[in-house]
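Structural features, examined
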Amino acid sequence: MNAPDHHLALLTTAQMAQADQAAVQAGISGIALMEAAGAAVASAVSARWRRQTVSILCGPGNNGGDGFVAARHLRDAGWPVRLGLLGDKALLTGDAAHHAQLWNDDIHPLTPALLDGAGLVIDALFGAGLSRPLSGAAASVIAALADRGLPVCAVDVPSGLDGNTGQVLGLVAPASITVTFFRKKPGHMLLPGRQLCGEIQVVDIGVPDTVLAALPISVFQNGPELWLQRYPWPTPDGHKYQRGHALVIGGRLMTGAARLAATACARVGAGLVSIAAPATAWSVYAGSVTSVMVYPLRESGSLDEVLSDGRINVLVVGPGAGVSDLTRMHALQALASRRAVVLDADAISVFSSDPQALFSAIAGPCVLTPHEGEFNRLFSVDGPKLDRARQAARSSGAIVVLKGADTVIAAPDGRTVINGNAPAYLATGGTGDVLAGLIAGLMAQGMEAFDAATAGVWLHGEAARLFGPGLLSEDLPGMVPRVLRRLLRHGLSR
Ligand SMILES: NC(=O)C1=CN([C@@H]2O[C@H](COP(=O)(O)OP(=O)(O)OC[C@H]3O[C@@H](n4cnc5c(N)ncnc54)[C@H](O)[C@@H]3O)[C@@H](O)[C@H]2O)[C@@H](O)CC1
Ligand SMILES: Nc1ncnc2c1ncn2[C@@H]1O[C@H](COP(=O)(O)OP(=O)(O)O)[C@@H](O)[C@H]1O
Ligand SMILES: [K+]
C-alpha cells in the first residue's frame, strides 16, 4: 500500500506517539497541537449540542490537556463549564501543564458529583494508549457516567478503550461522538470499540502527513483507495478468457451455497463460471443457473478431469460442501493444482483435526474466509482479533479473512485491513458464500489475492448497505452491478 493510501492508515498508539514526536521535531509545537485538538473538541461539541452545562473530565496526561483547552474554548463561548481533574494540577507536566495554567477557573476533584446537573460530558480522562484498566476515582466516575446515560463527547477514545485492539480495559462509558486526531487507531474500527465511539470525527491538528513516511504502517481501514487502481475493469479489446474461468465445487445436498458463490463470482466479472457437482445433484444445479455452466463429477469425486481444462484459474471449495473426506480431497486437489483458491466454510472445518495438512498444502494464492467458529477450528491463537488474524495468515501462508461486523483481512507478509462498511443485515444465511464468490471472481480476473479479498469484502458490505433491511443472501449478487457502477462513476470521490 502506497503513499496516497495514507488517509486510510490506522496508527497504533505507539505510532501515533511517534507521529506526534516527529511533528514536534519538524517544528510544530506540542502546545499548538494540543490547542488545535482541544479547540476541535469544543467545536464538535458546539456543532452538535445547544449551549448547556458541560462537565469536563480531565485525566493526568495529554488527553486531560485537551480537556483543559476544550474547557477554555467552551467557557469563552458562554457555556457553563465544570471541570474535574484526576489528581493534582501541580503534578501535570509538559503541554498539559501549560494548558492547565491557562485555565484560570475552578478545578474540582474527580467524583461522580461532577455529573450532577450536567447536560453533557466531555471525557478527556485517558487516550488510546491506556496501559491498564481504569481504577479508583477514574473508574467510579466512568461507571457513574455510563449509568446515567448522559451524552458524551470522547476525546481520542472513550476512556478505558484500548486504541490498539478495540477492547475495553475495565469499563467504558459509550460516547455519542469521539473526536480523534490525525488518523484513526485500530480500536476505532474493531468491535466493541467502534460501537462505543459513536460517530468518529478525525481532525487535522497540524501533524504533517510527511511524518507517516517514517512509520512502518501495516494496518489500514478498508476503502476503494486501497485497491481501485488495480481493479480489473474489462478492457475494450478483452475477451472472456482474459477475464478468467472460476470453478465452484458444489455439494451434494446443500446446493444453494455453491450457486450463491457462482452467481456472485459471475456478477463481479469473471469471464466464465462453472459449478462442478456430484452427478446425482447435476440436474438441481443445471436447472437453476443460466450463465453458469455445470459439470458432473465422476463417481470418485475427483477433480482431475475438470482440472484438465487449463483455462480454469480459480477454485472455490467449501460452500455447502459438507465436512467430509470428499471436501478434504477437493481442497487438497485445488491447492495442488496451483490455481488460486478460496477455501470457505466446510473446506476450513474439515481440517480441524489436522490444520498442518492444510497449511503444508498451501503453495499458491489462497484465501481462507472463516467466521469466528471456523477460525477457532483451525487456529489455536488467543488475543485481540487483529493479532489473531495476522498470526493465522503468517502460520498458514494464506490470506485470512476473519469475518464479522469488523472483518479483518490479513496477509502472511503483515498487510492488514479492517473493514467497516458491513451492515448487520449481513447476519443472514448464505452471505458468506456470496463473499467467497466475489473474492474468487476478482482473482479470476487477475487481481492479486490480498487485493481481491479486500475489494471483495468492501463490495460485499456496500452491496448489503445499498440493499438495506430485508436482505437475503440471494439479493447480494444482484446489487453488485449497482455498487460497481457507483465505483466507476464516482471513483475515489464518493
Ligand atoms: N503532542 C501530543 O502528544 C498530542 C497528544 N494529544 C492527546 O494526548 C493523548 C495521549 O496522551 P498521553 O500519552 O499523555 O496519554 P493519556 O492522557 O491517556 O495519559 C496517560 C497517563 O496516564 C497514566 N495512566 C495510564 N493508564 C492509567 C490508569 N489506568 N490509571 C491511572 N493512570 C494511568 C500513564 O502513566 C500516563 O501518565 C491523546 O489521547 C490526545 O488526546 C493531543 O493533545 C494532540 C497532541
Ligand atoms: N452483525 C454483522 N454485521 C456486519 N456483517 C456481518 C454481521 N454478521 C455477519 N456478517 C457478515 O456476513 C457474512 C456471514 O458469513 P458466514 O458466517 O460464513 O455465513 P454463511 O455461512 O451463512 O454464508 C460475513 O461476510 C460476515 O462478515
Ligand atoms: K478520552
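Residues numbered from 1 in each chain as written. Chains lettered and ligands numbered in written order. Predicted model: local features only at pLDDT ≥ 70, side-chain atom pairs only at ≥ 80, totals over all residues.

1. Quick notes on the site of ligand 2
As a reminder, the rule being used: In this analysis a residue is considered near a molecule or strand if the C-beta atom, reconstructed from its backbone, is found within 6 Å of that molecule or strand. Secondary structure elements are defined from DSSP: runs of H or I of at least 4 residues count as helices, runs of E of at least 2 residues count as strands, and each element is numbered from the N terminus. For this classification, the nonpolar set comprises Ala, Val, Leu, Ile, Met, Phe, Trp, Tyr, Cys and Pro, the charged set comprises Asp, Glu, Lys and Arg, and every other residue, Gly included, is treated as polar.
Around ligand 2, the structure places 18 residues, and the nearest of them are K403, A405, L426, A427 and G432. For the shell around ligand 2, the leading source of residues is helix 16 (residues 431-444), giving 4 residues. Tallied by class, residues from the shell around ligand 2 come to 8 nonpolar, 8 polar and 2 charged.

2. Details of the UniProt feature "binding site: AMP" (unreviewed entry) in the chain
Worth spelling out the cut-off: UniProt positions are given in the numbering used here, feature names are shortened, and annotations may be inferred rather than shown by experiment. Three exposure classes are used. Buried residues have 20 or more other C-beta atoms within 10 Å of their own C-beta, exposed residues have 12 or fewer, and partly exposed residues fall in between, all C-beta atoms being placed from the backbone. Two residues qualify as being in contact provided that their C-beta atoms, derived from the backbone, are within 7 Å of each other.
In the numbering used here, UniProt assigns the feature "binding site: AMP" (unreviewed entry) to K403, G404, A405, D406, T407 and G432. In terms of the greatest pairwise C-alpha distance, the residues named above, spread along 30 residues, form a tight cluster of at most 14.0 Å across. By the secondary structure assignment, D406 is in the loop between strand 15 (399-402) and strand 16 (408-410). Classification of D406 as buried rests on a count of 21 C-beta atoms within 10 Å. Those residues in contact with T407 that lie beyond four places of it in its chain are V401, L402, N419, A422 and V457.

3. Here's the deal with the pairing of strand 13 (residues 340-344)
Filter applied, for reference: Any two strands with at least two DSSP bridges between them are considered paired. With its strands directed away from the observer, a crossover is right-handed exactly when the path from the first strand over the helix to the second travels clockwise.
Within strand 13, 5 of the 5 residues are buried, which leaves the element mostly enclosed by the surrounding structure. A two-sided burial pattern is seen for strand 13, the buried positions comprising A340, V342 and D344 on one face and V341 and L343 on the other. In this structure, strand 12 (residues 312-317) lies alongside strand 13, joined through 4 bridges in parallel fashion. Counted as the bridge partner of L315 is V341 from strand 13. Tracing the backbone out of strand 12, into helix 11 (residues 325-336) and back to the parallel element strand 13 gives a crossover that is right-handed. Of the strand pairs in this sheet, strand 13 and strand 14 (residues 366-369) are connected by 4 bridges, and their pairing is parallel. Looking at strand 14, one finds that L343 is bridged to L368.

4. Observations regarding the packing of helix 17 (residues 449-467) against helix 18 (residues 476-490)
Our working rule: To get an axis, a line is fitted to the C-alpha atoms, and for a helix only the part in contact is used. The angle between two axes follows their N-to-C directions and goes from 0 to 180 degrees. With respect to orientation, any angle under 35 degrees is reported as roughly parallel, any angle over 145 as roughly antiparallel, any angle of 65 to 115 as roughly perpendicular, and every other angle as oblique.
Contact geometry of helix 17 with helix 18 gives a least axis separation of 9 Å together with a crossing angle of 95 degrees. By the angle between their directions, the pair helix 17 and helix 18 is classed as roughly perpendicular. Residues L459, H460, E462, A463, A464, L466 and F467 of helix 17 form the contact with helix 18, whose own contacting residues are L476, M479, V480, R482 and V483. When grouped by side-chain class, the residues that make up the contact of helix 17 with helix 18 number 9 nonpolar, 1 polar and 2 charged.

5. With respect to the domain arrangement of the chain
Short version of the rule: Note: domain ranges come from an automatic or database domain assignment.
Here the domain parsing of the chain yields domain 1 (10-16 + 26-217) and domain 2 (224-493). Tallied by class, residues from the side of domain 1 that touches domain 2 come to 5 nonpolar, 2 polar and 1 charged.

6. Considering unusual backbone geometry
A cis amide bond, omega 0 degrees, links L191 with the succeeding residue P192. You can see P192 is positioned in the loop between helix 6 (186-189) and helix 7 (193-197). Its identity is not glycine, yet F182 carries a phi of approximately 70 degrees, on the positive side. Residue placement: F182 occurs in the loop between strand 6 (177-181) and helix 6.

7. Overview of the environment of R267
Within the secondary structure, R267 is located in helix 8 (residues 255-267). The exposure class assigned to R267 is buried, which follows from the 24 C-beta atoms found within 10 Å. Along the backbone, R267 and M479 are 212 residues apart, and their C-alpha atoms lie at a distance of 9.0 Å. Aside from chain neighbours lying at most four places away, what touches R267 is P477, V480 and P481.

8. Some details on the site of ligand 1
Around ligand 1, 27 residues are found, and the nearest of them are G61, N62, N63, G127 and D156. Put simply, the parts of the chain that give the shell around ligand 1 at least two residues each are helix 2 (30-48) and helix 3 (62-76). Here the shell around ligand 1 gets 5 residues from one element, more than from any other, and that element is helix 3. A breakdown of the residues in the shell around ligand 1 according to their chemical character gives 12 nonpolar, 11 polar and 4 charged.

9. Digging into helix 3
Stated formally: Any helix carries an expected span of 1.5 Å times its number of residues minus one.
The first and last C-alpha atoms of helix 3 sit 21 Å apart over 15 residues, in line with the 21 Å expected at 1.5 Å per residue. Across the 15 residues that make up helix 3, a large majority, 12, are buried. Among the residues of helix 3, those classed as buried are N62, N63, G64, G65, D66, G67, F68, V69, A70, A71, R72 and L74. Lining the buried residues of helix 3 we find helix 2, strand 1 (54-58), strand 2 (81-85), helix 4 (94-102), strand 4 (120-124) and strand 5 (152-155). Of the residues flanking the end of helix 3, it is G78, one or two places downstream, whose phi is positive at about 95 degrees.

10. Things to note about the sheet that holds strand 15
Strand order in the open sheet made by the 10 strands is 8-17-16-15-14-13-12-9-10-11, with mixed pairing throughout. Each having just a single partner strand, strand 8 (219-221) and strand 11 (293-297) make up the two edges of the open sheet. Taken pair by pair, the neighbouring strands of this sheet meet at an average axis angle of 20 degrees, ignoring direction. Pairing between strand 8 and strand 17 (residues 416-418): 3 bridges, direction parallel. When the bridges of strand 17 are listed, F220 appears paired with V417.

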